[in-house]
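Fold and geometry: a report
Okay, here's what each chain looks like letter by letter:
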Amino acid sequence: MAKWDQLCFANTIISRISAISLALFQTTIVLAAKEVSPNEDHVTASAIVREMNLARQNPAFYATYVEEMRSHFNGKFFLLPGQTKLFPKEGLRAIDEAIRFLHTAQPEQPLILSPGMSRAAADHCADQIGGAIGHDGSDRSNPGSRISRYGVWTLGWGENIAYGKTSARDVVLALIIDDGIPGRKHRKNIFNAKFNFAGAGYGPHARFRTVCSIDFAGRYIESGRETERELVVRNY
């Protein structure tokens with residue numbers, strides 16, 4: 001009887017260890033999935049530039065994200081990966097055009113993340129926290145003059161702004177689709193082969209909840225080394 005009790009006790013211990021191991025394994029899987037989920041992505045300068053580079057370097061693959069969105073169109077809105085609703089002004093026209101563009105676009109070199117340009121973009125986000133929109137600052141600055149605060153640009157500059165988006169993928173997808181924008185200027189900036197540097201800022205917005213500003217330049221020389229702390233403070 002004692003041997004039977006010992007055997008039962010041993011089996012109970014083994015069962016508990018197996019249950020704990022399984023729980024830990026399942027937890028690890030959940031955490032791993034959460035780490036790579038675009039819905040949980042913090043909108044930072046590096047996340048935005050990394051997402052744009054994914055589209056620039058492999059546009060045909062990026063088309064699958066747009067196609068996935070299109071498959072869930074309910075006749076009124078698209079649901080972005082971050083659960084933001086996108087109400088198209090053009091129906092399916094812009095998203096279908098974006099899909100065709102991505103399938104035919106040639107891969108481009110990756111953009112280089114610029115701390116100085118990210119600070120300039122963050123300045124503009126801070127300037128618009130009260131609900132302002134557009135590319136002009138309250139101090140009458142434009143994107144070129146703002147990135148000149150922190151470095152020297154040559155070979156042209158550009159700027160994209162997205163409002164109301166909650167993840168880096170949402171920002172980039174919306175700008176590539178570019179619904180309602182004549183000439184798809186935002187999409188052209190992202191895939192412009194002449195642009196080699198980019199920076200981004202993100203912050204709260206009184207009217208649309210969030211604002212993300214992205215600056216581009218052909219060449220950019222930083223005026224000084226920005227510390228990580230300074231960039232986090234300014235890049236809301």
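Remember, predicted model here, so these are calculated numbers, not experimental data.

Assigned secondary structure in the chain consists of 9 helices and 6 strands. Residues classed as buried in the chain amount to 42% of the 236 residues present. Restricting the contact set of the chain to residue pairs at least 6 apart, pairs at least 24 apart contribute 74%. Of the roughly 13,000 Å² of accessible surface on the chain, 60% is carried by carbon and sulfur atoms.

To continue, consider the packing of aromatic side chains. Under the criterion given, the structure shown has 7 aromatic pairs. Taking the centre distance of 5.5 Å and the plane angle of 20 degrees together, the rings of Phe-195 and Phe-216 count as stacked. One end of the pair, Phe-195, is in the loop between helix H8 (185-190) and strand E5 (197-205); the other, Phe-216, is in strand E6 (residues 209-222), with 21 residues separating them in the sequence. Ring pairs connect the aromatic residues Phe-61, Tyr-62 and Tyr-65, which therefore count as one cluster. Taking the ring centre of Tyr-65 as reference, the NZ or CZ of Arg-169 above it sits at 4.0 Å.

Attention now goes to the sheet that holds strand E3 (residues 112-113). The sheet built from 4 strands is open, its strands ordered E3-E5-E6-E4 with mixed pairing. Pairing within the sheet leaves two strands with one partner each, and these edge strands are E3 and strand E4 (151-163). Pairing between E4 and E6: 11 bridges, direction antiparallel. From the neighbouring strand, Tyr-163 faces E6, where its bridge partner is Val-211. Taken strand by strand, helix H5 (residues 115-127) contacts E3, E4, E5 and E6, and its axis lies near 150 degrees from that of E6.

Compared with the 18 Å implied by 1.5 Å per residue over 13 residues, the 19 Å span of helix H3 (residues 59-71) between its first and last C-alpha is a close match. Every buried residue belonging to H3 is among Pro-59, Tyr-62, Ala-63, Val-66 and Met-69, and all of these are buried. One side of H3 carries all its buried residues, which in axial view fall inside an arc of 115 degrees. Where H3 is buried, its residues touch helix H2 (45-57), strand E1 (78-79), strand E2 (85-86), helix H4 (93-104) and helix H7 (168-177).

Cut-offs and rules
- What you see as residue numbers is a count from 1 along each chain, following the sequence as written.
- Totals for whole chains, interfaces and linings use every residue, but because this is a predicted model, local features are given only for residues with pLDDT of at least 70 and side-chain atom pairs only at 80 or more, for both listing and counting.
- Excluding hydrogens and water, the side-chain values take into account all heavy atoms of the structure.
- Secondary structure elements are defined from DSSP: runs of H or I of at least 4 residues count as helices, runs of E of at least 2 residues count as strands, and each element is numbered from the N terminus.
- Here the term buried applies to any residue with accessible area under 20% of the maximum for its type, exposed to any over 50%, and partly exposed to those in between, with areas from a 1.4 Å probe on protein chains only.
- Contacts: residue pairs with any heavy atoms within 4.5 Å of one another.
- All accessibility values rest on the Shrake-Rupley procedure with a 1.4 Å probe; residue burial counts only the protein chains present in the view.
- Here a pair means two rings of Phe, Tyr or Trp (six-membered ring of Trp) with centres within 6.5 Å. Their orientation is stacked below 30 degrees between planes, edge-to-face above 60, and tilted elsewhere.
- Only Lys NZ and Arg CZ are tested; either one counts as a charge over a ring when it is within 6 Å of the ring centre and within 35 degrees of the ring normal.
- Only strands joined by at least two bridges in the DSSP assignment are considered to pair.
- To get an axis, fit a line to the C-alpha atoms, keeping to the stretch in contact for a helix; angles then go from 0 to 180 degrees between the N-to-C directions.
- To estimate how far a helix should extend, the number of its residues minus one is multiplied by 1.5 Å.
- The reported arc concerns the directions from the helix axis to the C-beta atoms and nothing else.

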